[in-house]
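# Architecture and fold: a report
Now for the letters of each chain:
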Amino acid sequence: LLAATWIAGLAPLIFIAHRISRPIQQLTAALTDFAGGDWSRRLDAGPDPQKRSRDEVGRAVDAFNRMADQLQQSRERLVHLTRMASWQSLARKTAHELKNSLTPIRLTVEEMVARQPHSDRAFMQQAAQIVISEIETLERRVRAFSEFAAEPPVTPEAVDINAVVVERVSLLKPAH
């Protein structure tokens, strides 16, 4: 009888301990995965998020999910800003290179105009060759820049719109 009472008392304790430790183990595993680079890792708040968020573990799960969303958004913003800075740097360098190529063209044409009355045929052929060479250089640079600026191919994929809406609403709930 004593053993049966002891087992009957132990069963609810094991059940309660499992209910308390399981969410903490899930939170620890999610934090480990997130720290390991799995930025998409989120925890399920359960069927009724309002009930779960009342206890400390539920609030910790909600805080983890909010933190993960904010970090992912910050990461996306950082990637966007880095790309913009790269494009600006590339545009500056390209403009500088184009200017370097245009200067000899301009000087050569000015010299051609200045020597026009003398009709120096050898100089005119050399000047024309410089102009043609610099124009070809500009065309190659512009072509390379255009190829670099081309958008990558689009690969459409299925999106669960309900999950997106639920995620966005859960982000806005604490503020409203």
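Structural notes, computed from the coordinates. In this text the structure is predicted, and so the values were computed from the model without any measurement. (Residues numbered from 1 in each chain as written. Predicted model: local features only at pLDDT ≥ 70, side-chain atom pairs only at ≥ 80, totals over all residues. Heavy atoms only, no water.)

## Observations concerning the packing of helix H1 (residues 2–35) against helix H3 (residues 56–115)
Filter applied, for reference: Convention adopted: a line fitted to C-alpha atoms gives each axis, helices being fitted over their contacting stretch, and angles between N-to-C directions are expressed from 0 to 180 degrees. Where helices and strands are cited, they refer to DSSP runs of H or I of at least four residues and of E of at least two residues respectively, numbered from the N terminus. We call two directions roughly parallel when the angle between them is under 35 degrees, roughly antiparallel when it is over 145, roughly perpendicular when it lies between 65 and 115, and oblique otherwise. Left-handed is the label given to a crossing in which the near helix is rotated counterclockwise from the far helix by less than a right angle, and right-handed is the label when the rotation is clockwise. Note on contacts: a residue pair qualifies if any of its non-hydrogen atoms lie within 4.5 Å across the two residues.
One way to put it is that H1 packs onto H3 with a least axis distance of 10 Å and a crossing angle of 15°. For the element pair H1 / H3, the angle class is roughly parallel. Crossing angle aside, the handedness with which H1 passes H3 is left-handed. Touching Pro23, Ile24, Leu27, Ala30, Leu31 and Phe34 of H1 are Val57, Ala60, Phe64, Met67, Ala68 and Leu71, all from H3.

## Some remarks on the nonpolar core
Note the following rule: To form a nonpolar core, buried Ala, Val, Leu, Ile, Met, Phe, Trp, Tyr and Cys residues must be joined to one another through side-chain atoms within 4.5 Å. Only protein chains enter the accessibility calculation, which uses a 1.4 Å probe; a residue whose area is less than 20% of its type maximum is buried, one above 50% is exposed, and one in between is partly exposed.
In terms of nonpolar packing, the biggest core is built from 7 residues, these being Leu27, Ala30, Phe34, Leu43, Val61, Phe64 and Ala68. At the level of secondary structure, the elements contributing two or more residues to this core comprise H1 and H3.

## Things to note about the packing of aromatic side chains
Filter applied, for reference: For Phe, Tyr and Trp, where Trp contributes only its six-membered ring, two rings pair if their centres lie within 6.5 Å, and the inter-plane angle classes them as stacked under 30 degrees, edge-to-face over 60, or tilted in between.
Counted according to the given criterion, the structure contains 1 aromatic pair. Taking the centre distance of 5.8 Å and the plane angle of 75° together, the rings of Phe34 and Phe64 count as edge-to-face. Here the residue Phe34 occupies a position in helix H1, and Phe64 occupies one in helix H3, the gap between them amounting to 30 residues. Look at Phe64 and you get buried, because its relative accessible area is 4%.

## Some words on the pattern of salt bridges
For the record, the criterion: Salt bridge criterion: a side-chain nitrogen from Lys or Arg within 4 Å of a carboxyl oxygen from Asp or Glu.
Scanning the entire structure with this criterion turns up 2 salt bridges. The residue Arg41 makes a salt bridge to Asp33 at a minimum N-O spacing of 2.1 Å. Assessed through its relative accessible area of 23%, Arg41 is described here as partly exposed. With relative accessibility at 31%, the residue Asp33 sits in the partly exposed group. The shortest N-O distance in the salt bridge between Arg42 and Asp69 comes to 2.7 Å. Here Arg42 is found in the loop between H1 and helix H2 (49–52), whereas its partner Asp69 is found in helix H3, with 27 residues between them in sequence. Residue class for Arg42 comes out partly exposed when judged on its relative accessible area of 23%. On the basis of relative accessibility, which here comes to 8%, the residue Asp69 falls in the buried class.

These results come straight from atomic positions and should not be treated as a statement about function.
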